[in-house]
Amino acid sequence: MTEPSATTSVEVAVDPATAFRVFTEEIDLWWVRGPINFFDAARATAMQIEPGVGGRILEVYSPPDEVLELGRVTDWTPGALFAYRSSVDDTETRINFEACDGGTRVTVVQSLVPGGEKAFYFWPNVIHWLQAWVERRDHASRTPRELDRLAIALYYEDPAAAGRWLHTVFGLDSWDKIPAEGTDPSWIELQVGTRAILLFKLTEQRTAQLDHSVWVYVDDLDAHFAHSQENGAKILSDIHQHGYRCYEAEDLEGHQWTFAQARPTMA
């Protein structure tokens, strides 16, 4: 019986040796620092790959000696192959770098190991970030892009269609990607400069009169939560974690606010 797997690929306009180096050495520059793109976004300060077989793939926290090991390198062939065994689920991942017309085809195959049960098939949603970075790296800053502390959330009957419309008509873009026809992602994020516009599904709890909310990232979420409670905010949800830590509350006229823990790298 064939074990489940996920395969995806992109083409980048550099040679295989450069593509391999960009993938491994510059992961902290092409990895998008969105709220759901880390296991612990509140503490994350960097992504890092240690070179060579046995090297670790790391989510780096603050203080810097705290890390989450995401995997261990099992194959390190510069310009050709990078492979690792996940430390957070039961998968193995192979990234091949093959020359093609105009550059390199980067193909990622993430597979459940025999007998494994847990698999986070995230690479199809991630590898296009590498392609976007290669396209702009010659003129981009060599410091990671970080979100602003203020964002807004808009709720639509069809968030994916709304994202495409906002992109086509208003020219709004995304550090991630504009959702394609036929897709229905649970998280859609557009950017205006370093500020985010989050698009979510309109639910029964929301009406046309309450179809938006404000997101604010704060330095000490626990202290902020306690202060809001003590001063009369209506708490809609206690602090919880989805990669990011947050809570929701209403103000005096019923507008919803989401307060999230800021990363140490946020200005």
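Residues numbered from 1 in each chain as written. Predicted model: local features only at pLDDT ≥ 70, side-chain atom pairs only at ≥ 80, totals over all residues. Heavy atoms only, no water.

Turning our eyes to something else, we now look at the sheet that holds strand 3 (residues 56–61). Reading across from one edge, 1-7-6-5-4-3-2 is the order of the seven strands in this open sheet, with antiparallel pairing throughout. Strands with a single pairing partner mark the edges of an open sheet, and in this sheet they are strand 1 (5–12) and strand 2 (44–49). Each adjacent strand pair in this sheet contributes to an overall mean axis angle of 20°, direction not counted. Across five bridges, the pairing between strand 2 and strand 3 is antiparallel. Directly across from Ala44, in strand 3, lies its bridge partner Tyr61. Contacts from helix 3 (residues 127–136) reach strand 1 and strand 7 (103–112), with the element oriented near 5° to strand 1. (Pairing = 2+ DSSP bridges. Helix = DSSP H or I, 4+ residues; strand = E, 2+ residues; numbered from the N terminus. Axes fitted to C-alpha atoms, helices over the stretch in contact; angles between N-to-C directions. Contact = heavy atoms within 4.5 Å.)

Attention now moves to the pattern of salt bridges. What the rule picks out here adds up to 14 salt bridges. For Arg43, the salt bridge identified is with Asp40, shortest N-O distance 2.8 Å. Looking at Arg43, the relative accessible area reads 30%, which means it is partly exposed. The class for Asp40 is buried, based on a relative accessible area of 13%. Arg149 is the partner of Asp219 in a salt bridge, and the nearest nitrogen-oxygen pair spans 2.7 Å. Highlighted residues: Asp219 in the loop between strand 11 (212–218) and helix 5 (221–230) and Arg149 in the loop between helix 3 and strand 8 (150–156), separated in sequence by 70 residues. By relative accessible area, Asp219 is classed as exposed at 60%. For Arg149, a relative accessible area of 22% puts it in the partly exposed group. Through salt bridges that share partners, Asp28, Arg33, Glu146 and Arg263 make up one connected network. (Salt bridge = Lys/Arg side-chain N within 4 Å of Asp/Glu carboxyl O. Buried < 20%, exposed > 50% of the residue type's maximum accessible area, 1.4 Å probe, protein only.)

Further remarks concern the sheet that holds strand 14 (residues 256–261). By way of backbone hydrogen bonds, the strands of a sheet pair with one another, either parallel or antiparallel. Taken in spatial order, the seven strands of this open sheet run 9-10-8-11-14-13-12, and their pairing is mixed. Since the sheet does not close on itself, it has two edges, and those belong to strand 9 (188–192) and strand 12 (234–241), each with one partner. On average, each strand axis in the sheet is inclined to that of its neighbour by 20°, with strand direction left out of account. Note: strand 9 against strand 10 (residues 195–201), five bridges, orientation antiparallel. Counted as the bridge partner of Leu190 is Ile197 from strand 10. Of the strands in this sheet, strand 11, strand 12, strand 13 (245–250) and strand 14 touch helix 5, which is tilted by about 165° from strand 12.

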